[in-house]
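Residues per chain, in single letters:
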Amino acid sequence: MSLLSYLSPTRLLEGYLRRCLTAAGLTSQTLSIDSETTIHFWGPPPLDNRTDGRPVMLLLHGFGPSSMWQWRRQIQAFSPSAFRLYCPDLVFFGDSTSSSTNRSEVFQAECMEKLMEKIGIEKFNVVGTSYGGFVAYHMAKMWPQKVEKVVIASSGINMRKCDSESLLQRSNCECIEKVMLPSTATELRTLMGLASSSRIVRMFPDALWNDVISNLYQKNRKEKVELLKGVTLGRDEKLSIEPLCQEILIIWGDKDQIFPVKMAYELKEILGDKTKLEIIENTSHVPQIECAQEFNNVVLKFLKGSQ
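Computed from a predicted model, the values in this text were never measured in an experiment.

### A few points about the layout of surface pockets
Then, number 1: Space inside the largest pocket adds up to approximately 1,000 Å³.
Then, number 2: Along the walls of the largest pocket sit 36 residues, with Pro-65, Trp-69, Met-192, Val-286 and Ile-289 positioned nearest its centre.
Then, number 3: Looking at the lining of the largest pocket element by element, the count peaks at six residues for helix α2 (residues 67-78).
Then, number 4: Per-class residue counts for the lining of the largest pocket are 22 nonpolar, 11 polar and three charged.
Then, number 5: Volume-wise, the second largest pocket comes out at about 540 Å³.
Then, number 6: Residue lining of the second largest pocket: 26 residues in total, with Met-159, Ser-164, Ile-176, Leu-228 and Val-231 positioned closest to the centre.
Then, number 7: Among the elements of the structure, α4 (131-142), α5 (161-171), α6 (176-180) and α9 (221-230) are those that each provide at least two residues to the lining of the second largest pocket.
Then, number 8: With seven residues, the single largest contributor to the lining of the second largest pocket is α5.
Then, number 9: In terms of residue class, the lining of the second largest pocket is made up of 16 nonpolar, three polar and seven charged.

Written out as structure tokens, the structure is:
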């Protein structure tokens, strides 16, 4: 029996991530936003909200592991001085749960707005990656008086049905849950090959991938499959988005194989004159992880530029 059977690398890394977020001044919190839904999030201590004058940033993660796995480098860069940071787990990710039967990304947006209202935040900037970008778009569209600036990273909110079919072809999978919710080492290796430009991750042994699946992809699996099927964007060949009134920053990796970079250029034209586009070279679907410093610099310049 291998050492991995006794000592989980994923659990060890999770402990490290928790310490990083705590060192950045955030605390792990849980809040019931209504009678059905409870949201777990990382944020500043509640008592600090009364005197903290920093602008607010809401970070929305993509489909996959919980928020702390996807935003650690941004939390470390932005939380100490630049922003009052809130980093929630979307519903059915991490420790966020709901008895509601709604599985759309619009429902996720409604839950995030309720969370901010419960905390007492009236205005905020929102940064969403991939699936989190879908949620960010709907928040900006539904609450323009609350959402100030919007960052959409690696998020094909302009996808059509043909884009989903092309992704299945690139991944050699017959259904989207095989791509986004891997249950075997082979499937997870395929996802990492699509999401990351690094070849090193593909060389990890099956035992490590299985440990990741066991710890990060098994919880609420049924509900997450339903979330994938419940996405309202991209159900047919007709675009279902429209321009937003806010200033928008689009960030994309030029090697993205989940949402190819051509979608970024199209999205810029759709979202209106207040939209800026930044392409990060030699980066795939997770520029906030692969090229964190450049990603952070671009976001910081955009959000602080007019202040």
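### Focus: the nonpolar core
Then, number 1: In this structure, Met-139 and Leu-271 are the most contacted members of the largest nonpolar core, which totals 97 residues.
Then, number 2: Discounting residues that sit within four places of it in the chain, Leu-271 has contacts with Tyr-137, Ile-152, Ile-157, Ile-241, Glu-242, Pro-243, Leu-244, Ile-248 and Ile-250.

Cut-off values and rules
Each chain carries its own residue numbering, running from 1 in the direction its sequence is written. Per-residue local features are limited, in this predicted model, to residues with pLDDT of at least 70; the limit for side-chain atom pairs, both in listing and counting, is 80 or more; totals at the level of whole chains, interfaces and linings are taken over all residues. Values shown for side chains rest on all heavy atoms present in the structure; no hydrogens or waters enter the calculation. Grid points spaced at 1 Å over the protein atoms alone were grouped into cavities, where a 1.4 Å probe fits but cannot get out, and pockets, open sets with protein on both sides within 12 Å along at least five of seven lines, with lining residues defined by an atom within 4 Å of a point. Grid points are joined across faces, edges and corners, and a volume is the space filled by probe spheres set on the points. Elements are defined by DSSP. Helices are runs of H or I of four residues or more, strands are runs of E of two residues or more, and each kind is numbered from the N terminus. Under the scheme applied here, ten amino acids are nonpolar (Ala, Val, Leu, Ile, Met, Phe, Trp, Tyr, Cys and Pro), four are charged (Asp, Glu, Lys and Arg), and all others, including Gly, are polar. To qualify as a nonpolar core, a set must consist of buried Ala, Val, Leu, Ile, Met, Phe, Trp, Tyr and Cys residues joined through side-chain atoms within 4.5 Å. Partly exposed describes any residue whose relative accessible area lies between the buried limit of under 20% and the exposed limit of over 50%, with all areas from a 1.4 Å probe on protein chains only and scaled to the type maximum. Between two residues, a contact is recorded if the distance between any of their heavy atoms is within 4.5 Å.

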